[in-house]
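Okay, here's what each chain looks like letter by letter:
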Amino acid sequence: MSVVIGWRWSASLDSLVCGFCLAMHGTEHGVDEEMITHPGNCRCAKSPITQSWSDLGFEDGGEVVIQRGDDWLRGQSQEVQERILGKAGRAAWLDGRFELADMVGVKEDDLLGTIGYRKSLDEILGSVEAAIYKRLVA
Ligand SMILES: [Zn+2]
C-alpha cells in the first residue's frame, strides 16, 4: 500500500499566474500521469496526494482544503483579473459565460510534445460571442 496515491496541480497563486495554470490549480491526477507543461514561465509543481489520516489508521488528523483557482481569482482585484483573463474575458467570466476549466487547452507541439495552453476567448465562446464582449469593454 502506497501512501502517495496521486498528485495535485499546484500553481503559484500570485498576479503573474497564467490562466492555464490557474485553471489547473488544485486538479488531481494519478501517480502515472505526467504534468502537462506549457512554454513560458511555468512555476507549477506537483504536490503529492497522500492517503487520508483515517485511511492510514489515524483518527482525526484533519484534511487539507485546497482553494480552487476560480475562488482565488474572485478574491483578486479587477486589475489582476484583467491581466489573467483579458478585459473581454473578465467580463464574460463575471457573466458566468465560462469557468476557468474551459480555458484549458492541450495541443501537440513539434518540438515540445504535448503542451498546455490557455484558450483564446474566441475558442472558448465562439467568435460571435467573443466579439460582443470585446466590443463591450472597448
Ligand atoms: Zn504552470
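Residues numbered from 1 in each chain as written. Predicted model: local features only at pLDDT ≥ 70, side-chain atom pairs only at ≥ 80, totals over all residues. Heavy atoms only, no water.

Draft legend 1. Representation of the side chain of D70 within the structure. Position of D70 among the secondary structure elements: in helix α2 (residues 69-74). One polar contact links D70 to R74, side chain to side chain, over a distance of 3.0 Å. (Helix = DSSP H or I, 4+ residues; strand = E, 2+ residues; numbered from the N terminus. Polar contact = N/O pair within 3.5 Å; in protein donor to acceptor, adjacent residues only side chain to side chain.)

Draft legend 2. Focus on the coordination of the zinc ion. The zinc ion binds to the protein through C21 (SG), C42 (SG) and C44 (SG); the donor distances cover 2.1 to 2.4 Å. Read in sequence order, the donor residues for the zinc ion give the motif C-x20-C-x1-C. Residue C42 is classed as partly exposed on the basis of its relative accessible area of 27%. (Donors = N, O, S within 2.8 Å, 3.2 Å for Na, K, Ca; no water. Buried < 20%, exposed > 50% of the residue type's maximum accessible area, 1.4 Å probe, protein only.)

Draft legend 3. Up close: helix α3 (residues 78-85). Within the span of α3, buried status applies to V80, Q81, E82, I84 and L85. Tucked inside the fold, the buried residues of α3 contact α1 (19-24), α2, α4 (87-94) and β5 (113-118). Looking at the residues trailing α3, positive phi occurs at G86, about 85°. (Contact = heavy atoms within 4.5 Å.)

Draft legend 4. Main features of the nonpolar core. Formed by 27 residues in total, the largest nonpolar core has its most connected members in L73, I84 and L100. Top contributing element to this core by residue count: α1, with five residues. With residues up to four places along the chain from it excluded, the contact list for I84 reads V17, C18, G19, L22, W72, L73 and R118. (Core = buried A, V, L, I, M, F, W, Y, C linked by side-chain atoms within 4.5 Å.)

Draft legend 5. Region of interest: the sheet that holds strand β2 (residues 28-29). Spatially, the three strands line up as an open sheet ordered β2-β1-β3, and their pairing is antiparallel. The sheet terminates laterally at β2 and β3 (45-50), the two strands that pair on one side only. Of the pairings in the sheet, the one linking strand β1 (residues 4-10) to β2 comprises two bridges and is antiparallel in character. Considered in β2, the bridge of W7 is made with H29. (Pairing = 2+ DSSP bridges.)

Draft legend 6. Representation of the pattern of salt bridges within the structure. Counting across every chain of the model gives six salt bridges. R8 is the partner of E28 in a salt bridge, and the nearest nitrogen-oxygen pair spans 2.9 Å. Taken together, the positions of E28 in strand β2 and R8 in strand β1 put the pair 20 residues apart, joining distant regions of the chain. We classify E28 as exposed; its relative accessible area is 52%. The salt bridge involving D70 is made with R74; its shortest N-O contact spans 3.0 Å. (Salt bridge = Lys/Arg side-chain N within 4 Å of Asp/Glu carboxyl O.)

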